[in-house]
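Coordinates in review
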Amino acid sequence: MAAFLIKRLGHAILVMLVISLVAFAIQNNLGDPIASMVGQSVPESERAALREQLGLNDPFITQYLRFAAGALQGDLGNSYFYREPALDVILRHLPATLELVFAASLLILLLSVPIGVFAAIKPRSLLSRAFMSVSILGISVPVFLTAIVLIQLYSIGMQFTLFPGDTGWGAWLNGLLSTQGGLPAFGRGNQLVHIVGSWWTNFASLDGLRHLILPAISLASIMLPLFIRLIRAEMLEVLQSEYVRFARAKGLHLRRIYFLHALKNTMLPVITVGGVQIGTMVAYTILTETVFQWPGMGLMFLEAINRSDIPLITAYLMIVGVIFVVTNTLVDLVYGLVNPTVKLTGSAA
Amino acid sequence: MSESNPPPSATPDKALEQVAAGERVSRLKLLRESYLYYSFKRDIGVQLCLLIFALMVLAALFAPWIAPNDPYDLTQIDIMSSELPPFWVDGSDPRFPLGTDAQGRDMLSTILYGARVSLIIGFGAVALQALIGVVFGLLAGYLGGRVDALLMRLADVQLSFSTLMVAIIVGAIVQASFGRATYSSYAVALLVVIIGLAEWPQYARTVRATVLAEKGKEYVDAARVIGLPSRRIMFRHILPNAMSPIFVISTVQIANAIISEAALSFLGLGMPETQPSLGSLIRSGFDYIQSGSWWITLLPGAVLVVLVLVINLLGDWLRDVMNPRLYKN
C-alpha cells in the first residue's frame, strides 16, 4: 500500500511539474501584460517602470522559481483584469462549476445504471434497442449543440406547424410536438443561497434548481451514452461468466443475481472510467458554461483568454491539472480498495 | 477463373486460398470476396450511411460548383434579404431554400462551404495524428525499453487530460501567441496541427498493442534472421499487418476531429467567421437564436450531427466486422 502510494504520488508530482513548466512558459512568453493593465495614454517610461516593478525583466529561471515557490504557497499571481489574486478569482468561480458537474454526475448515475443494466438483461427488447440507438445519436451530438437545442425547445419554445392545423389530428400532433419554453437559460439566477465563503448554492431554492436544469442536462448528455454503453457491455460479459450461471443453476432469484451478484462486478470498470470522465467533464464545462453564461471556471477561462489575462489562464491550468491528477489518483486508489484481486503494490499498479 | 467460382457469399475467403496457392489475384477481386464486402452487401443501414457520407463529402468537395451563391463574395450578399426562414416556414423566399443568415448569406451555400472546411480539417487532423501515432506506436512497440516507457508515459499524461481539453488549451496558447488576425489567416493549418497533436495517443496505443502481438510471430523472426534493418521490418512487415485496427479507429477519429474542430470554432478558437466551418456557423447563429431565427444555428448543427452520426455508425460496423479484440484495452 505504501509503495503504491509513493509511486502514485511521484507520478502526480511529475505531472504537476510538467504542467507548471508549461503554465509558466505560457505566462512568460505570451501577451503583453502591461498593455492589458494600463490604458493607451500611459507613456512608455511609466510602462517600463511597471515592467521592472512586476519583475517581468528577470531571467526565465528566476521567474520560474519565483512562480513555483509562490504556487506552492497558493500564490498563483494576480489577475490583470480582476486586480486580485488569481486563486481567489478561481475559488469564487469554482462552486458554480462544481455544482454543475455534481448535478450532471447525479443525472448520469441515476440514469445510466438502470438503463445499462436493462439493456444488458434484455438485449433484444425493443426498448433496449431504442436506448442503444439514442445513445449513439447522443455520442454524435456535440455538447454545445445539445445545449442550443435545449435552449430552443425549453427556454424559447418552438411551435410546430408541420401538420395541417385546421384538422383535429394535425392540431393535436402540432401541439404534441410544440414546446412551451420558459426555463431559464442564462446564468445561475438571483435566488442563490449562501453556504460558506464564496459558496453560493443553486440547490436550495426552486429558482436555483430551475436554472440548473438545462445546463446539467446538456453536460450529462455527452457522458450518459458512454456510460450506458459501458455498463451494458460489462454487464453482458459478466452475465456470461460461470459464477452467474452457477447462481442461476442454484435457483437464486433472478433479481438477486442481477443486482447483487452481477452488478457488483459490472461496476468495477465503471468506477475507473467514471472517475476519469468526471475529470474530463471539466473540459466540457467550458462549452456548457459558454452557452449558458454559467458563471463558473470554464466561462472565466474563456473570458481570460479573450482578455489575454495570462496569470488567470495559467492559474486555471494549474488548478485543472490538480483536479485531474487528484481524481486519477483517487480513482486508482478506490479501484484497488474495492477490487480485491488488485494488489496495491508498486509492481501491480 | 470465373467458371470455377461459387458465389462470393458462400466462400468469403476463396480468393485468399488462391493467394495462398500462389495464384495472382487482383485486389478488386480480393475485396469483392472478402468478409467485409459480404457483410456490407447484407446490411442496408450501412449502405445507407455510406451513401449519405459519400453524398455529403461530394457536395462539400464540389461546393464552389454546386452552391447557388458564393458566401465569400460580398457582392452577392444583400443585407435586405437577411434572416429569411427556410422553405417550410411562412415568409420564406424561393431564392434561398434553407433561408439566410443575419448578413443575408444563403444558408445552403454557407453550409456547403462550411462542411467543406470541417471535412478538410477533420481528414487533415486524422492524417497528422495517424502519422505521429503510427510512428510512435511502432517505435514503442518494436523497440520497447526506454523508448516505449517514455512515449507511453507521454501518451498517458496527455490522455489523463481529455483530448478536447488539450486542444482547447493549445488552441488558446497558439491564438494568444500569434494574435487573432494571424491565427485567422492560418486557421485551417493551425487547427489540423492542434487537433492532430491532441489526439495522437489513441493511435499510438492501438498500434503499439498490435505491434506487441505481431512481434512474436515467425515472419518477424524470419525477417530479423535474414538481417533486414529494423526500419524495414517495422514499416514493411509489421505495419501492413496492423492496418485493420488503424482503419477502424480512423473512422471514429475523423468523427472526433470534426467534433473537436466544431467545439474549438464554437469557442472562438477555430475558424474565423469570414471562412466559417460548421462550428463557427453554429457560433455566429447562436447570437440570433433569442430573436427567433433558429435556423441560422440549428441547420448547420443538424448537418454536423448527421455527418458525425454516419461516420460513427460506419465505424461501429467496421469494428464489428473486423473485430480484432486487440485494441479493446
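Rules and cut-offs
- Residues numbered from 1 in each chain as written.
- Chains lettered and ligands numbered in written order.
- Predicted model: local features only at pLDDT ≥ 70, side-chain atom pairs only at ≥ 80, totals over all residues.
- Helix = DSSP H or I, 4+ residues; strand = E, 2+ residues; numbered from the N terminus.
- Contact = placed C-beta atoms within 7 Å.
- Core = buried A, V, L, I, M, F, W, Y, C linked by C-beta atoms within 7 Å.
- Buried ≥ 20, exposed ≤ 12 C-beta atoms within 10 Å, placed from the backbone.
- Nonpolar A, V, L, I, M, F, W, Y, C, P; charged D, E, K, R; others polar.
- Expected span 1.5 Å × (residues − 1).
- pLDDT = per-residue confidence, 0-100.

Turning to the overall build of chain A, a few remarks are in order. When helices and strands are tallied, chain A shows 13 helices and 2 strands. Contacts spanning at least 24 positions in sequence make up 71% of the contacts within chain A whose residues lie at least 6 apart.

Within the largest apolar cluster, 160 residues are counted, with the highest numbers of intra-cluster contacts made by Tyr-316 of chain A together with Ile-168 of chain B. The element best represented in this core is helix α6 (residues 107–143) of chain B, accounting for 18 residues. Apart from the residues within four sequence positions on either side, Tyr-316 of chain A is in contact with Ile-90, Met-297, Phe-301 and Ala-304 of chain A.

Next up on the list: the interface of chain B and chain A. The partner chain A presents 31 residues to the 32 residues of chain B that form the contact. Among the elements of the structure, α7 (145–160), α8 (163–178), α13 (243–266), α14 (278–286) and α15 (295–322) of chain B are those that each provide at least two residues to the side of chain B that touches chain A. Residue contributions to the side of chain B that touches chain A peak at 10 residues, all from α15 of chain B. Broken down by class, the residue content of the side of chain B that touches chain A amounts to 24 nonpolar, 7 polar and 1 charged.

Looking now at the environment of Ala-262 of chain A. Residues and elements named next belong to chain A. Assignment of secondary structure puts Ala-262 in helix α11 (residues 254–292). On the neighbour-count criterion, Ala-262 (24 C-beta atoms within 10 Å) is buried. Once the C-alpha coordinates of Ala-262 and Met-297 are considered, the two residues, 35 residues apart in sequence, prove to be 39 Å apart. Setting aside anything within four residues of it in sequence, one finds Ala-262 in contact with Met-235, Val-238, Leu-239, Val-244 and Ile-257.

Another point: unusual backbone geometry. All names here are of chain A. Phi at Arg-83 is positive, roughly 55°, even though this residue is not glycine. Structurally, Arg-83 is set in the loop between α4 (60–72) and α5 (86–121). Looking at Arg-83, the number of C-beta atoms within 10 Å reads 9, which means it is exposed. The phi dihedral of Gln-293 falls on the positive side, at around 50°, and the residue is not glycine.

Turning to α6 of chain B, a few remarks are in order. When the terminal C-alpha atoms of α6 of chain B are compared, their 52 Å separation across 37 residues agrees well with the 54 Å that a helix rising 1.5 Å per residue should span. Positioned one or two residues after α6 of chain B, Gly-144 of chain B has a phi angle of 65°, which is positive.

The subject of this paragraph is the confidence of the model for chain A. Should pLDDT be low for a region, the predicted coordinates there are not to be read in detail. Per-residue confidence for chain A averages 81 on the pLDDT scale, and 93% of its residues sit at or above 70. Under a pLDDT of 50 for its full length, residues 345–349 of chain A has, in the predicted model, 12 contacts with residues more than four places off or in other chains.

What follows covers the environment of Pro-240 of chain B. Within the secondary structure, Pro-240 of chain B is located in helix α12 (residues 230–241). Taking the C-alpha atoms as reference points, Pro-240 of chain B and Thr-251 of chain B, 11 residues apart in sequence, are found 18 Å from one another.

Turning our attention to the confidence of the model for chain B. All names here are of chain B. For chain B, mean pLDDT is 81; residues scoring 70 or higher make up 88% of the total. When mean pLDDT is compared element by element in chain B, α6 scores highest at 91, while helix α1 (residues 14–20) scores lowest at 65. Counted against residues more than four places away or in other chains, residues 1–12, with its pLDDT under 50, gives 10 contacts. Both confidence scores are given for the complex: pTM 0.83, ipTM 0.80.

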